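Architecture at a glance
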Amino acid sequence: MVRSCNRSLPTTLSSAGARLGWSLFRSRPTLMIGALLLLLSLSPVSAAPVSRDDPEQADTRKSRISTAAGSAVVVTANPLASKAALNVLASGGHAVDALVAAQAVLAVAEPQSSGLGGGGFLLHWDARRQALEVFDGRETAPERSRSDDLLKPSGDPLSYRAATRNPDAIGIPGTVALLWEAHQQMGQRPWSSTLQPAIRLAREGFLPSPRLRSSVALAQRLGATHNLAFQQLYLPGGKPLPAGRLFRNPALARTLETLAQHGGRAFYEGPLAQRIQSGVNALTAQAPNFKGWSANDLASYAVVRRSPLCRVLMKHRVCTVPPPSSGGLAVLQTLALLEATGGFNDPDNPQSWRDLALAESWADADRLYWVHDPIDGSVPTQGLLNPSYVQARAQAMQASPGRLPQPGLPPGLKRFPFGRPGPGPELGTSHVTIVDGAGNIASYTTTVETVFGSRNLVEGMVMNNQLTDFDWRPVVGGLAVANRRRPGRRPVSSMAPTIVFNNQQPVLALGSPGGKRIPHFISRVLLAALQWAEPPKRSVGLPLLSPQGDSLVIEKDPPLPWPINPNQLNVPGRKLRSQTLGSGIGLLQRIGDRWHGAADPRREGTALALP
Ligand code: GLU
């Protein structure tokens with residue numbers, strides 16, 4: 001039985017009333033979404049403290065775990081986005097058509113996490129071609145970038161807050177290019193029609209959700225006085241958006257209409273591109289040292305198609321995204337380390353959780369050292385996943401569980417070529433998982449980085465601050481750091497959209513936001529689904545943990561209770577810290593001939609299905 005963690009929703013939407021509510025939902029989804037949005041928008045806002053590690057807060061007021069099953073399923077972090085995507089599927093659209101609709105609505109309704117001014121990774125399964133492909137729409141550093149752009153004249157890094165709003169942290173956005181390219185290849189519904197739900201919402205307005213309102217409050221606390229357009233839109237009269245009043249974004253509606261009319265390339269070339277470039281370059285008014293973007297920065301942006309990174313683990317083929325994300329490598333290494341230790345089978349045994357936490361931190365040590373934009377040469381992912389290398393790492397990990405792990409030398413390498421970065425800041429992101437009636441799957445993680453990105457609005461769009469994901473110090477100990485900022489490079493990400501196969505057919509698709517904690521969340525969900533045979537709802541709702549330096553963060557007030565006493569996760573040399581964790585997992589699992597979706601109740605996630 002799932003524990004209802006929602007303390008403020010009226011009983012009609014929790015416990016007993018939920019059954020009635022959800023049967024009504026099945027027959028009258030539009031009505032129910034409307035009612036749910038109204039109730040959510042009237043609920044009180046509670047913002048968690050702002051910190052470097054948790055720039056997007058976990059909702060302290062959690063709703064029930066939203067699930068849905070059928071022939072085609074959508075899971076997004078926002079009910080309006082899920083509804084728009086489901087309508088596209090119901091009209092015969094491809095998973096990618098639905099994805100375009102979902103992302104465009106998220107840009108309007110969940111702008112704190114993702115949007116047209118950001119970037120992301122799509123892992124796409126093409127059912128007819130039986131082919132899996134990665135669309136890398138990560139932001140790039142502009143031509144005039146220098147490695148020390150986020151350092152003060154003294155050589156010390158800028159403060160976290162100052163860096164998050166620095167225009168030098170804005171990368172050339174890849175989201176529109178990714179959606180356009182994927183749609184050009186796979187789309188079955190007209191591009192312009194997929195953008196209409198978002199245009200309507202931006203123009204006619206919607207009731208801001210509690211999470212949107214509390215995210216505005218969080219942005220205000222991080223500092224938003226540097227951008228007048230942001231303040232006027234999201235902080236009218238200096239206060240976060242009022243509940244119960246329609247919120248509109250006419251400038252974003254105009255941008256979306258231009259894209260609907262002229263296609264995705266209009267973002268990168270032509271009048272809209274010029275306005276974006278001028279809007280960004282006008283930010284020199286707040287940061288005189290900002291060198292600005294050239295027209296070529298936008299015109300030369302290209303999506304990179306990549307082969308997925310796959311490994312057979314826990315009797316399944318687990319596929320995810322390769323560098324420049326480090327998240328996929330970390331997920332695969334974590335599961336491989338767990339397999340090598342053997343002690344992961346029982347969720348009721350603290351050892352399974354302890355080994356998970358250890359494996360996550362050992363995988364972090366490698367990925368944070370080795371991964372960089374592969375434009376500069378390949379990353380040794382194969383060596384880092386080599387079975388004997390993983391075995392040796394697992395032994396070292398078990399021999400000294402209290403030791404803080406350092407990166408290892410994978411087979412074939414004799415020395416450590418890069419400087420060792422110190423811990424960096426963590427970081428607004430969203431995940432969308434869609435399967436259509438033909439079996440095509442989109443597993444897509446999308447981000448503007450910190451909550452509301454740089455808190456700078458251009459043409460109604462939130463501009464990212466993704467370039468804070470480069471290591472801020474380009475040289476450490478006399479050696480260049482692998483993930484240093486240079487023109488045209490993509491900063492290392494932690495995003496890890498994943499699809500899992502059994503007998504060559506997809507059985508699971510998932511992803512999550514969460515900054516550097518993303519691979520920790522995904523590894524735990526995979527462990528639950530693949531090894532503990534938990535149903536989707538439990539795989540999403542069971543507690544999360546996340547190693548961080550010499551601490552182990554254990555989830556406080558998880559949607560489902562801890563099966564063990566988490567205080568038993570104490571490892572010598574590591575401090576236990578209990579806090580809420582702001583994941584936003586979107587999970588799809590095939591059970592029999594139906595797909596089951598589960599959305600993370602830690603945000604406003606919503607799963608919807610066609611019968
Ligand atoms: N910027 C992060 C990354 O690419 C994502 C931030 C988040 O998940 O909040 O890894």
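Residues numbered from 1 in each chain as written. Predicted model: local features only at pLDDT ≥ 70, side-chain atom pairs only at ≥ 80, totals over all residues. Heavy atoms only, no water.

Turning our attention to the sheet that holds strand β14 (residues 498-502). With antiparallel pairing, seven strands are arranged side by side in an open sheet as β1-β20-β19-β15-β14-β7-β6. Edge positions in the open sheet fall to β1 (66-70) and β6 (309-313), since each of these has one partner strand only. The sheet shows a mean angle of 20° between the axes of neighbouring strands, taken without regard to direction. The pairing of β1 with strand β20 (residues 594-599) spans five bridges and is classified as antiparallel. (Pairing = 2+ DSSP bridges. Helix = DSSP H or I, 4+ residues; strand = E, 2+ residues; numbered from the N terminus. Axes fitted to C-alpha atoms, helices over the stretch in contact; angles between N-to-C directions.)

One pass over the structure, following the stated rule, counts 21 salt bridges. When the shortest N-O distance is used, the salt bridge between arginine 538 and glutamate 534 registers 2.8 Å. On the basis of relative accessible area, arginine 538 is assigned to the partly exposed category, the value being 33%. (Salt bridge = Lys/Arg side-chain N within 4 Å of Asp/Glu carboxyl O. Buried < 20%, exposed > 50% of the residue type's maximum accessible area, 1.4 Å probe, protein only.)

Core analysis: the biggest nonpolar cluster contains 87 residues, and Leu116, Tyr234, Phe267, Trp293, Ile434 and Phe452 have the highest contact counts within it. With 13 residues, the top contributor of residues to this core is helix α4 (residues 95-109). Grouped together as the second largest cluster of nonpolar side chains are 84 residues, Val321, Leu332, Tyr369 and Val390 included. (Core = buried A, V, L, I, M, F, W, Y, C linked by side-chain atoms within 4.5 Å.)

On to the site of the ligand, then. Around the ligand, 15 residues are found, and the nearest of them are Thr429, Glu449, Gln466, Ser494 and Gly515. Threonine 429 is positioned with one of its side-chain polar atoms (N or O) 2.8 Å from an oxygen atom of the ligand. Here aspartate 469 contributes a side-chain N or O atom positioned 2.8 Å from a nitrogen atom of the ligand. Isolated, the ligand exposes 300 Å² of accessible area, and the fraction of that covered by the protein chains is 99%. Among the residues forming the shell around the ligand, the class breakdown is four nonpolar, eight polar and three charged. (Near = heavy atom within 4 Å. Polar contact = N/O pair within 3.5 Å; in protein donor to acceptor, adjacent residues only side chain to side chain. Areas by Shrake-Rupley, 256 points an atom, 1.4 Å probe, with all protein chains shown as cover. Nonpolar A, V, L, I, M, F, W, Y, C, P; charged D, E, K, R; others polar.)

The strand order β5-β4-β3-β9-β8-β2-β21 describes an open sheet built from seven strands, whose pairing is antiparallel. The open sheet has two free edges, formed respectively by β5 (304-306) and β21 (606-610), since each of these has just one partner strand. Geometrically, the sheet is characterised by an average inter-axis angle of 15° between neighbouring strands, direction not taken into account. In the packing of α4 onto the sheet, the strands contacted are β2 (72-76), β3 (119-126), β8 (429-435) and β9 (441-447), and the crossing angle to β8 comes to about 155°. (Contact = heavy atoms within 4.5 Å.)

Right, let's get into the packing of helix α13 (residues 327-341) against helix α17 (residues 518-531). Between two packed helices, the angle of one axis relative to the other and the distance separating the axes together describe the packing. With their axes 9 Å apart at the nearest point, α13 and α17 run at an angle of 45° to one another. For the element pair α13 / α17, the angle class is oblique. Like other packed secondary-structure pairs, α13 and α17 cross with a definite hand, here right-handed. Between α13 and α17, the residues in contact are Gly327, Ala330, Val331, Thr334, Leu335 and Leu338 and Pro519, Ile522, Ser523, Leu526 and Leu527, respectively. Of the residues in the contact of α13 with α17, the class split is eight nonpolar, three polar and no charged. (Parallel < 35°, antiparallel > 145°, perpendicular 65-115°, else oblique. Left-handed = near helix turned anticlockwise from the far one by under 90°.)

Bringing the pairing of strand β17 (residues 551-555) into the picture now. In terms of burial, β17 is a largely internal element, five of the five residues being buried. The alternating pattern of β17 places Ser551, Val553 and Glu555 and Leu552 and Ile554 on opposite faces, both of which are buried. Connecting the antiparallel pair strand β16 (residues 545-548) and β17 is a turn made up of two residues, with glycine 549 showing a positive phi of about 55°. As paired strands, β17 and strand β18 (residues 575-579) are joined by five bridges and run parallel to one another. Of the residues in β18, the one forming a bridge with glutamate 555 is glutamine 579.

Looking now at the confidence of the model for the protein chain. With 89% of its residues at a pLDDT of 70 or more, the protein chain shows a mean pLDDT of 90. Across residues 1-50, where pLDDT falls below 50, the model places 82 contacts with residues more than four positions away in sequence or in other chains. (pLDDT = per-residue confidence, 0-100.)

Here the focus is the environment of threonine 341. In this structure, threonine 341 sits in helix α13. A relative accessible area of 14% means that threonine 341 is categorised as buried. A C-alpha to C-alpha distance of 6.2 Å links threonine 341 and alanine 394, two positions 53 residues apart in sequence. Aside from chain neighbours lying at most four places away, what touches threonine 341 is Asp355, Ala394, Met397 and Gln398. Here leucine 338 takes part through its backbone oxygen, which lies 2.8 Å from a polar atom of the side chain of threonine 341. A polar side-chain atom of threonine 341 sits 3.5 Å from a polar atom in the side chain of aspartate 355.

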